[in-house]
Amino acid sequence: MTNKNGIIGLTIALVLISAYYLSFTFVSRSIKGKAVTYATDASGKVDDKKKQRYIDSLWREEVYLGQTLQEVMERELSLGLDLQGGMHVVLEVSPAEILKGMAGGNARSASFQKALKAAEADKKADNGKFVKIFVSAFKEAAPNTSLASVFATSANRTKINSTSSDGDVVKMLNTEIDGAIDRAFQITQARIDKFGVTNPNIQRLPGTNRVLVELPGVDNPERVRRLLSGAAKLEFAQVYLTNELAPAIDQLGGYLVKEDARLKSGAKTVSKDTAATDTTKSSGLSGLAAKLEQKGDSSKSDTSALAAQSAALTSLFVPMPQGLGVYLKDTARANEIIQRPEVRAMFPADLVFMWDRKGTAGQNNQLILPLYFIKKQNGQAAMEGDVIVDATHDYDDRGRPEVTMRMNGEGARKWRTLTANSIGRPIAIIIDNLVYTAPTVQGEIPNGNSSITGNFTVEETKDMSNVLKAGKLPAPTHIVEEAIVGSTLGSEAITAGVLSSLIGLVVILVFMVAYYSGAGFVADLTLLLNLFLLLGIMASLGAVLTLSGIAGIVLTIGMAVDANVLIYEGIKVEIAEGKPFKQAVSEGFKHSMTAIIDSNVTTLLTGIILYTFGSGLVLGFATTLVIGLITSLFTAIFITRLFLEYQIRNGRVYKFYSGLTKNWFKDNSFDFVSQRRRFYLISSVIMAIGVGSFIFKGFGLGIDFKGGRSYVIRFEKSVETDEVREIMSNELGSSPEVKTFGGFDQVKITTDYLIEDTAPDADQKAEQKIMAGISKVKDNKGAIVSSNKVGPTIAYDTMINALYAILLALGANFVYIFLRFKRLAFSYGAVVSLAHDVIILLAVFSLFNGWLPFSLDIDQAFIGAILTMIGYSMNDTVVIYDRIREYLKDDKATNETLPTIINNALNSTLSRTAVTGISVMLVLIVLMIFGGEVIRGFTFCMLLGVIVGTYSSLFVAAPIVVDLLQREKIKQASLATVDTAAAAPAKTKGAKA
């Protein structure tokens with residue numbers, strides 16, 4: 001083995017890196033455990049507020065290797081919503097609302113309304129597609145009307161005019177829609193930050209008008225819906241300066257002195273070091289109070305009282321130019337105090353406390369969140385964002401990034417008055433009660449055109465211009481997909497996932513030792529190292545561990561065995577030929593390398609496609625599958641060899657079989673090829689029955705593909721699905737689908753009730769209907785433990801993406817096989833066998849839907865399982881093809897018929913096919929039994945896929961290669977005969993001449 005030291009060094013580096021990143025998970029879990037202990041009372045009940053206060057107190061404190069708790073938690077291996085509970089939401093910006101806003105009064109015309117309805121009715125409409133469909137429908141409704149006549153309003157005059165071409169207008173509309181989506185993303189991000197969720201996941205979905213939000217641990221879905229839906233509220237308001245509120249601040253200091261005295265001495269909100277630092281640096285508050293005191297003699301008691309007030313204030317607040325600041329870890333306490341009626345009474349009646357959107361760094365890198373004193377008359381800001389016509393990011397005359405905004409006539413008048421009354425003081429720009437910025441007014445602005453300058457970056461000015469435009473157009477976001485997982489269901493999923501993982505791992509480890517004896521221990525060590533590196537890399541990449549990800553890990557362990565099996569079977573062949581153990585190991589690795597690379601590349605291609613097109617359960621599975629394939633290749637090829645060479649140096653020799661398995665698959669002589677027509681017939685009959693079932697029975701489509709709402713209901717006792725269906729039919733007005741889900745006390749209800757309704761309270765109404773139905777089940781209390789919602793548009797997109805994924809997987813594998821084997825016969829055989837596998841799986845899911853005690857719906861999970869099966873089947877097929885290619889090149893092949901060569905190749909790989917298949921099936925059976933209901937249908941599909949894929953590799957893919965190669969040989973022989981016959985007269989004629 002060349003470059004052994006380099007491999008050892010790389011392995012040590014990977015182990016250390018993995019250990020480093022996984023250590024954050026252990027530290028984070030330890031601190032969370034201490035928080036729970038701290039917040040648990042004598043009765044065993046956990047006070048969530050107390051628990052959060054404990055975490056907040058350490059949030060910006062260094063807790064591990066110089067990292068703050070925030071940084072530690074950001075680096076831990078996070079759990080998905082299905083493992084800890086929470087809420088998954090996909091928000092969609094309405095392009096129709098944006099177009100109506102852009103058209104202004106022209107949106108009321110009949111032709112505009114007709115075109116808009118046509119675009120909204122088309123499920124394919126999205127972003128640029130929506131505009132394209134709208135324009136097409138508008139031209140049909142009003143063929144002689146230009147788009148400029150509709151959209152060239154006063155609000156848009158800087159972008160287009162009445163003479164602009166339709167192309168210019170379309171470009172402007174697409175730009176505005178994209179900008180609205182960016183604004184929706186930023187505003188959603190700010191709202192989530194305000195919500196206070198630990199490690200939320202917020203991302204704009206590429207190429208769509210959607211934003212994905214995942215909120216771990218959320219237990220109030222209705223609050224989330226209210227928070228995320230609707231248009232942003234943009235306001236402009238004056239800001240009280242700190243020196244204008246000195247008496248009130250002094251009163252607050254006195255109040256805090258009394259509050260501190262009332263609290264027990266052990267209750268601290270900051271560490272001693274932090275408190276000391278803050279008091280020193282925050283002496284500006286006491287100085288402010290002292291300056292505002294009346295001149296004259298002060299008694300020692302007055303001085304002492306003032307010092308006490310100052311100390312109480314500075315233990316919680318930090319002076320800032322435009323208000324006060326609060327260290328992030330103290331914001332919960334500060335917020336609770338300033339909301340008390342007795343504290344609010346100290347300040348002017350028109351004052352509203354508002355937090356800044358983002359904090360600034362303070363002492364010791366502690367994050368300070370500014371608190372502004374906003375002036376609002378009767379709860380109303382001086383101006384609202386509907387007066388903004390446009391906002392752009394630009395550069396001032398000194399080349400510094402700035403933001404310019406333009407207002408309409410009404411806004412210009414209000415802005416002139418507001419700026420005239422605010423010269424030398426700040427005006428806060430507020431969205432959803434968070435202050436985005438508070439620039440100081442330099443002078444009266446008479447015409448509504450303003451510029452905001454400061455120490456901004458270009459990105460900050462882009463963001464700010466987007467924020468200002470948030471009040472320009474009515475572009476609310478609608479929830480088009482939603483999933484809620486209760487914390488109870490999440491904890492059960494963790495138990496099921498960990499249990500299935502451990503059992504699956506133990507089963508594989510025992511099987512390898514039972515089959516390969518001492519060499520099995522070497523394989524087991526590489527498998528354990530593979531698992532450690534897999535988790536370490538996931539942690540380093542910030543990947544989220546989901547229940548399906550655990551399934552992917554377990555399956556990866558099963559498939560990782562394949563590389564070891566290929567190597568071991570190769571070594572066994574070399575030993576059987578009488579070669580010394582050292583040489584046999586070297587030759588075994590050398591000869592198995594091609595098959596290992598080819599088989600894993602095909603599976604990797606499928607994994608990448610899964611990752612690209614998948615979401616939710618499929619994405620979590622694909623993430624672990626792709627990473628696991630890479631780590632398993634590394635450990636099998638390099639680590640296994642290092643272990644074996646170490647044993648060779650110590651004079652140890654392995655047999656690569658146990659007493660039980662010594663004669664397994666020895667001297668196989670099964671005739672696969674001569675029976676091929678019989679197997680063709682069997683497969684054809686099954687596929688014909690399946691096609692008949694497709695036509696007459698159809699499929700059970702999950703809500704991923706048809707849209708709708710689903711609820712998992714858990715009852716105290718067993719319940720009849722017919723009874724629940726009848727009750728729900730009366731409640732909902734239509735018959736929902738009701739199935740047993742993971743036990744006779746649990747059902748899954750699927751319905752399309754109010755799925756087209758985009759009203760903010762539609763989800764709440766649907767849930768109330770479900771709860772009303774549940775309450776009517778006699779003597780059996782039930783509760784919703786999880787729910788899911790998929791809108792029609794996103795269901796259509798999911799279905800199209802699934803179709804693309806399957807076709808792309810087939811195409812990618814076809815091309816790869818052709819490039820590697822240089823014969824179309826191999827590519828055709830592989831693709832036909834894959835199509836055969838997909839049709840048979842679809843046939844089973846159609847025929848047995850409703851008969852088996854778990855879901856056989858066609859959904860994203862099913863597509864993920866199909867693609868995984870394609871990867872596994874290709875893995876198996878490629879190993880067989882590789883052996884066929886090797887045998888075809890052998891000198892012995894010249895004296896053997898093609899069927900004999902193929903049979904010999906198939907028999908020689910039978911042990912590998914069986915061992916890998918058994919390994920994968922064992923872990924899938926474990927997942928079926930212990931993995932939980934959520935992934936049971938997914939696992940069943942993969943288990944069936946392994947069986948069918950193994951069958952098709954042996955009895956479909958390889959026999960098709962035989963038929964095509966024979967046909968190719970006959971055709972070549974026929975052409976050779978024709979060429980000979982054509983050449984003979986020419987040769988005779990030439991001789992005569």
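Provided above is the structure to which this section pertains.
Here the structure is a predicted model, which means the values were calculated and not measured.

A. Focus on the overall build of the protein chain. Helix and strand counts for the protein chain stand at 32 helices and 24 strands. A total of 993 residues make up the protein chain; the buried ones form 51% of that total. Across the protein chain, the fraction of contacts at a sequence separation of at least 24, relative to all contacts at a separation of at least 6, is 75%.

B. Region of the structure containing the nonpolar core. Of all hydrophobic cores here, the largest spans 119 residues; its most connected members are Tyr516, Tyr568, Leu644, Phe656, Ile870 and Tyr881. In contact with tyrosine 516, other than residues within four places in its own chain, are Val565, Tyr568, Glu569, Lys572, Phe656, Tyr657 and Val915. In terms of nonpolar packing, the next biggest core, distinct from the first, is built from 50 residues, Leu256, Ala334, Ile337 and Leu351 among them.

C. Quick look at helix H6 (residues 110-121). Over its 12 residues, H6 runs 17 Å from end to end, which matches the ideal 16 Å to within 8%, given 1.5 Å per residue. Those residues of H6 not exposed but buried are Ser111, Phe112, Ala115, Leu116 and Ala119. The buried side chains of H6 occupy one side of the element, clustering within an arc of 130° when seen end-on. Facing away from the buried side of H6 by more than 90 degrees, the exposed set consists of Ala110, Lys114, Lys117 and Ala121.

D. Highlighting the packing of aromatic side chains. Summed over the entire model, instances satisfying the criterion amount to 28 aromatic pairs. Measuring from centroid to centroid gives 5.8 Å for phenylalanine 821 and tyrosine 881, while their planes differ by 80°, and the two rings are edge-to-face. Of this pair, phenylalanine 821 sits in helix H28 (residues 792-821) while tyrosine 881 sits in helix H30 (residues 860-889), placing them 60 residues apart in sequence. Tyrosine 881 carries the same exposure label as phenylalanine 821, and that label is buried. Joined through ring pairs, the aromatic side chains of Phe670, Phe672, Phe679, Tyr951 and Phe955 make up one cluster.

E. Seen up close, the sheet that holds strand E15 (residues 401-407). Here three strands make up an open sheet; going across it, the order is E14-E15-E18 and the pairing antiparallel. At either end of the open sheet lies a strand with only one pairing partner, and these are strand E14 (388-395) and strand E18 (449-453). Each strand axis lies, on average, 20° off the axis of its neighbour in the sheet, ignoring direction. Note: E15 against E18, five bridges, orientation antiparallel. The residue bridging glutamate 402 from the neighbouring strand is threonine 453, located in E18. Strands E15 and E18 of the sheet are contacted by helix H17 (residues 409-420), whose axis makes an angle of about 115° with E15.

F. Region of interest: the layout of surface pockets. The calculated volume of the second largest pocket comes to roughly 1500 Å³. Lining of the second largest pocket is provided by 48 residues; of these, Glu569, Val573, Arg883, Tyr887 and Ser908 occupy positions nearest its centre. Those elements giving two or more residues to the lining of the second largest pocket turn out to be helix H21 (547-576), helix H22 (581-613), H30 and helix H31 (898-930). At 10 residues, H31 tops the list of elements feeding residues into the lining of the second largest pocket. Of the residues assigned to the lining of the second largest pocket, the class counts are 14 nonpolar, 14 polar and 20 charged.

About the thresholds
Residues numbered from 1 in each chain as written. Predicted model: local features only at pLDDT ≥ 70, side-chain atom pairs only at ≥ 80, totals over all residues. Heavy atoms only, no water. Helix = DSSP H or I, 4+ residues; strand = E, 2+ residues; numbered from the N terminus. Buried < 20%, exposed > 50% of the residue type's maximum accessible area, 1.4 Å probe, protein only. Contact = heavy atoms within 4.5 Å. Core = buried A, V, L, I, M, F, W, Y, C linked by side-chain atoms within 4.5 Å. Expected span 1.5 Å × (residues − 1). Arc of directions from axis to C-beta. Phe/Tyr/Trp six-rings, centres within 6.5 Å; stacked < 30°, edge-to-face > 60°. Pairing = 2+ DSSP bridges. Axes fitted to C-alpha atoms, helices over the stretch in contact; angles between N-to-C directions. 1 Å grid on protein atoms, 1.4 Å probe; cavity = no way out; pocket = protein on both sides within 12 Å on 5 of 7 lines; lining within 4 Å. Points joined across faces, edges and corners; volume = space filled by probe spheres on them. Nonpolar A, V, L, I, M, F, W, Y, C, P; charged D, E, K, R; others polar.

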